[in-house]
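Chain by chain, the residues run as shown.
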Amino acid sequence: MFIAPKNTDLLLQEAEKETLYVNLITQLNKDFNLANEAVDFPLSLSPNELKIQLHEKIYRLIQYKFAEYLNLLYIIDVSEEEIKKLDGSDLVILAEQVAFLILKREWQKVWFRNKYK
């Protein structure tokens, strides 16, 4: 049964533990490119670097390309309910929380694909 980790660090640790971290990065790259938001997170990227770079990318999208940001959330299939629960008063914190929701959804895809292949 899939149980989502409580935060980004735990999620990335679990992905590494289950040797699915590279798959997670691949899924992120794929979905960002589907949304026409080209990113190329190297497969060798450390979990901490991934966390930082994803946070920065989301922050820039919210700040400068809001329509593209919404499209990305739609492509990745991030829960609209969870997004609505977030407090948008501080963009830095909001971007961090959205980055976690994106990672959580991508991890769910990778985990299910691996479990039921």
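Worth saying up front: this structure is predicted, and the values here are computed from it rather than measured.

How each quantity is defined
- Residues numbered from 1 in each chain as written.
- Predicted model: local features only at pLDDT ≥ 70, side-chain atom pairs only at ≥ 80, totals over all residues.
- Heavy atoms only, no water.
- Salt bridge = Lys/Arg side-chain N within 4 Å of Asp/Glu carboxyl O.
- Helix = DSSP H or I, 4+ residues; strand = E, 2+ residues; numbered from the N terminus.
- Buried < 20%, exposed > 50% of the residue type's maximum accessible area, 1.4 Å probe, protein only.
- Contact = heavy atoms within 4.5 Å.
- Axes fitted to C-alpha atoms, helices over the stretch in contact; angles between N-to-C directions.
- Parallel < 35°, antiparallel > 145°, perpendicular 65-115°, else oblique.
- Left-handed = near helix turned anticlockwise from the far one by under 90°.
- Nonpolar A, V, L, I, M, F, W, Y, C, P; charged D, E, K, R; others polar.
- Phe/Tyr/Trp six-rings, centres within 6.5 Å; stacked < 30°, edge-to-face > 60°.
- Lys NZ or Arg CZ within 6 Å of the ring centre and 35° of its normal.

Participant: What exactly am I supposed to notice about the pattern of salt bridges here?
Facilitator: A side chain with one charge may pair with a side chain of the opposite charge, provided their charged atoms come close. Under the defined criterion, the tally for this structure stands at eight salt bridges. Note that K51 is salt-bridged to D9, the shortest N-O span being 2.9 Å. Residue K51 is found in helix α3 (residues 47–64), and its partner D9 is found in helix α1 (residues 8–17); the two are separated by 42 residues along the sequence. The class of K51 is partly exposed, set by a relative accessible area of 27%. Overall, the relative accessible area of 38% leaves D9 in the partly exposed class. Because the salt bridges share partners, they merge into one network encompassing D31, E106 and K109.

Participant: How do you make sense of the environment of E14 when you look at a structure like this?
Facilitator: Secondary-structure assignment places E14 in helix α1. Placed 90 residues apart in sequence, E14 and K104 show a C-alpha to C-alpha distance of 11 Å. When neighbours within four sequence positions are excluded, E14 is seen to be in contact with P5 and W107.

Participant: Before we go on, may I ask you to explain the packing of helix α2 (residues 21–34) against α3 in this structure?
Facilitator: Two quantities define a packed helix pair, namely the angle between the axes and the distance from one axis to the other. Two numbers describe how α2 lies on α3: the axes approach to 12 Å, and their chain directions differ by 15°. By the angle between their axes, α2 is roughly parallel relative to α3. In this structure, the crossing between α2 and α3 has a hand that is left-handed. Facing α2, whose interface residues are Y21, I25, L28 and F32, α3 presents P47, L50, L54, K57, I58 and L61. When the residues that make up the contact of α2 with α3 are grouped by side-chain class, the tally is nine nonpolar, no polar and one charged.

Participant: How should the packing of aromatic side chains be read in this particular structure?
Facilitator: To describe a pair of aromatic rings, one takes the distance between the centres and the angle between the planes. All chains considered together, the criterion is met by four aromatic pairs. Considering the side-chain rings of W111 and F112, the 5.2 Å spacing of their centres and the 90° angle between planes classify their relative orientation as edge-to-face. Look at F112 and Y116: their rings are 5.9 Å apart centre to centre, the planes differ by 15°, and that puts the pair in the stacked class. On the accessibility criterion, F112 (35% relative accessible area) is partly exposed. Three or more aromatic residues joined by ring pairs form one cluster here, namely W111, F112 and Y116. Here the guanidinium or amino end of K115 rests over the ring plane of Y116, the centre of that ring lying 5.9 Å away.

Participant: Looking at this structure, how should I read the packing of α3 against helix α6 (residues 91–115)?
Facilitator: Close contact between α3 and α6 brings their axes to 8 Å; oriented N to C, the two are set at 120°. In this structure, α3 crosses over α6, and the sense of that crossing is right-handed. Residue-level contacts link L50, L54, H55, I58, Y59, I62 and Q63 of α3 to L91, V92, L94, A95, E96, V98, A99, I102 and L103 of α6. Counted by class, the contact of α3 with α6 contains 13 nonpolar, two polar and one charged residues.

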